Protein chains: 2
Amino acid sequence: MTSSSQHFSKTDIQNLDRIKRLNLINSITGIKPANLIGTISEAGIPNLAIFSSVIHLGSNPALIGFVMRPAGDVRRHSYENIQFNGTYTINHVHSSFIEQAHYTSAKFEGEVSEFDPCGLTEEYLADFPAPFVKESHLKLGMRFAQAIPIELNGTMLIIGEIEHLIVPTAAMDKDGQLNLMRADDVGISGLNCYYSLEKIGQFPYARVSGVPDFGKRK
Amino acid sequence: MTSSSQHFSKTDIQNLDRIKRLNLINSITGIKPANLIGTISEAGIPNLAIFSSVIHLGSNPALIGFVMRPAGDVRRHSYENIQFNGTYTINHVHSSFIEQAHYTSAKFEGEVSEFDPCGLTEEYLADFPAPFVKESHLKLGMRFAQAIPIELNGTMLIIGEIEHLIVPTAAMDKDGQLNLMRADDVGISGLNCYYSLEKIGQFPYARVSGVPDFGKRK
């Protein structure tokens, strides 16, 4: 890495070519989680879509959010389905099926399941209405709680509470911490780049008395 | 990875030991971005805190969000400072300073800068009031736009617009896509585990006509 860098002002960003701006601004928050969100329609048609915006909101109650584009977008089936029965699933994407997961974002015409054309398998667990992804080892059954409109750009923060959580025994340590490398999880950058994960550090809960003597970096 | 897995119901999660629940639920959304948020107080004291909740909300305007714990928490200095002058910085954490970044979460007493004790360096760019992190190659100067309360658990979604964006030339391709591996970015799992990133795939914008023939996975 050279020390050379580029500086974009707000105006520079506004003046970027649309595709370049989409790629750049979608990647500048850093790595994002890769999750497939599964729902089912009133007519019984399952829907599956990849999201990179799933976010932890709280542990007790166990609340998870994700950001959804304006209605009319390809993702609107997910929202209609969530409104219909109040449930959805969040399924981690593993390195073995990143391409299958990626293509769930294609705009399939009409009300058609993404599972079959994308080579992924529906799975129904514990009488939960929404479909899980069989290929995923780490999956959550979610109960819809609230949709918060973000008026600045017409997106919505969808919040739900975890009703079911399935985790691989080998990926969880005795303190409940998941090893995402052992789970074969991946991350997303921007709209279409996928990354594998390697654990490089784990530090204790940060107490002032335990802060190492870093000296002053120059 | 064996196929053995554990199933937690909502009640199981509620009944977990508090620390185990914190670790588990903080890691079940998958990999999270590692960012340091820099602010400055009315008295001119800089503040720096690590956040794993930074999230892309939109590209035009370029809106970024992050989730903040309830007031009274260690992070409240950041919020007071943002309210004071409307600016903050978001600085990517690289593998060379994960430990320094981690310890910004210690509850230093009184109004004291986290930069010095954590071995990180303040940097002021382009007359922007809030401090950037010199050790970070990829950084954003943010203008506060809106704080949306999440009443379900007393957290807040803080939204801002990018005013300045500094990216390493070598990490950005001609289409604006960042290579997070070349940028030496890291991800966070849970509260205290850090991961390096390796790019394993990049796929085209997903069109129905371009979906590969995956066959049906069994």
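In this text the structure is predicted, and so the values were computed from the model without any measurement.

Engineer: What exactly am I supposed to notice about the state of the cysteines here?
Structural biologist: Here a disulfide denotes a covalent bond joining the sulfur atom of one cysteine to the sulfur atom of another. Per the stated rule, a full pass over the model turns up zero disulfides over all chains. With no disulfide of its own, C118(A) lies closest to C193(A) among cysteine sulfurs, the gap being 19 Å.

Engineer: It is not clear to me how the interface of chain A and chain B should be interpreted in this structure. Could you clarify?
Structural biologist: In many analyses, interface size is given as the accessible surface area lost on bringing the parts together. Taken together, the contact pairs 124 residues of chain A with 124 residues of chain B. The interface formed by chain A and chain B includes two salt bridges. In this structure, the salt-bridge partner of E161(B) is K10(A), at a minimum N-O distance of 3.7 Å. Taken together, the connections running from chain A to chain B amount to 44 residue pairs in polar contact (both at pLDDT 80 or more). Broken down by element, the residue count for the side of chain A that touches chain B peaks at eleven residues, all from strand β11 (residues 155-168) of chain A. For the side of chain A that touches chain B, the per-class residue count stands at 63 nonpolar, 42 polar and 19 charged. Examined bridge by bridge, β11(A) and strand β1 (residues 5-9) of chain B share five bridges and lie antiparallel to one another. Looking across to β1(B), one finds that I166(A) is bridged to H7(B).

Engineer: Explanation requested: the sheet that holds strand β12 (residues 186-189) of chain A in the structure shown.
Structural biologist: Pairing between the strands of a sheet is mediated by backbone hydrogen bonds and can be parallel or antiparallel. Pairing in this open sheet of six strands is antiparallel, and the strands run β2(A)-β12(A)-β13(A)-β13(B)-β12(B)-β2(B) from one edge to the other. The outermost strands of the open sheet, each flanked by one partner alone, are β2 (32-33) of chain A together with β2 (32-33) of chain B. Direction of pairing for β2(B) relative to strand β12 (residues 186-189) of chain B: antiparallel, over a ladder of two bridges. Looking at the pairing, K32(B) lines up with I188(B) of β12(B).

Engineer: Could you clarify how one ought to interpret the relation of the copies chain A and chain B in this entry?
Structural biologist: The relation between the two copies of this chain is a rotation about an axis and a shift parallel to it. Mapping chain A onto chain B calls for a screw motion: a turn of 180° about the axis and a shift of 0.0 Å along it, with 0.0 Å RMSD after fitting. Both chain copies can therefore be described as sitting about a two-fold axis. Minimal C-alpha distance to the rotation axis in chain A is attained by L197(A), lying at 2.5 Å.

Engineer: What is the right way to look at unusual backbone geometry in this model?
Structural biologist: What is expected of a backbone is that most residues other than glycine have negative phi and most peptide bonds are trans. Cis geometry is adopted by the peptide bond preceding P61(A), which originates at N60(A) and carries an omega value of 5°. Even without a glycine there, the phi angle at A126(A) is positive, about 55°. Within the secondary structure, A126(A) is located in the loop between β8 (122-123) and β9 (132-133). For D127(B), which is not a glycine, the phi torsion comes out positive at approximately 60°. Looking at where D127(B) falls in the secondary structure, it is placed in the loop between β8 (122-123) and β9 (132-133).

Engineer: What exactly am I supposed to notice about the pattern of salt bridges here?
Structural biologist: As a working rule, side chains carrying opposite charge can pair if their charged atoms are close by. Under the defined criterion, the tally for this structure stands at eight salt bridges over all chains. Put simply, R143(A) and E163(A) hold a salt bridge, and the shortest N to O gap is 3.1 Å. In this pair, R143(A) sits in strand β10 (residues 139-150) while E163(A) sits in strand β11, placing the two residues 20 residues apart along the sequence. Across the pair E123(B) and K139(B) runs a salt bridge whose closest N-O atoms are separated by 2.7 Å. Taken together, the positions of E123(B) in strand β8 and K139(B) in strand β10 (residues 139-150) put the pair 16 residues apart, joining distant regions of the chain. On the basis of relative accessibility, which here comes to 5%, the residue K139(B) falls in the buried class.

Calculation criteria
Residues numbered from 1 in each chain as written. Chains lettered and ligands numbered in written order. Predicted model: local features only at pLDDT ≥ 70, side-chain atom pairs only at ≥ 80, totals over all residues. Heavy atoms only, no water. Disulfide = S-S within 2.5 Å. Contact = heavy atoms within 4.5 Å. Salt bridge = Lys/Arg side-chain N within 4 Å of Asp/Glu carboxyl O. Polar contact = N/O pair within 3.5 Å; in protein donor to acceptor, adjacent residues only side chain to side chain. Helix = DSSP H or I, 4+ residues; strand = E, 2+ residues; numbered from the N terminus. Nonpolar A, V, L, I, M, F, W, Y, C, P; charged D, E, K, R; others polar. Pairing = 2+ DSSP bridges. Least-squares fit on C-alpha atoms with pLDDT ≥ 70 in both. Buried < 20%, exposed > 50% of the residue type's maximum accessible area, 1.4 Å probe, protein only.

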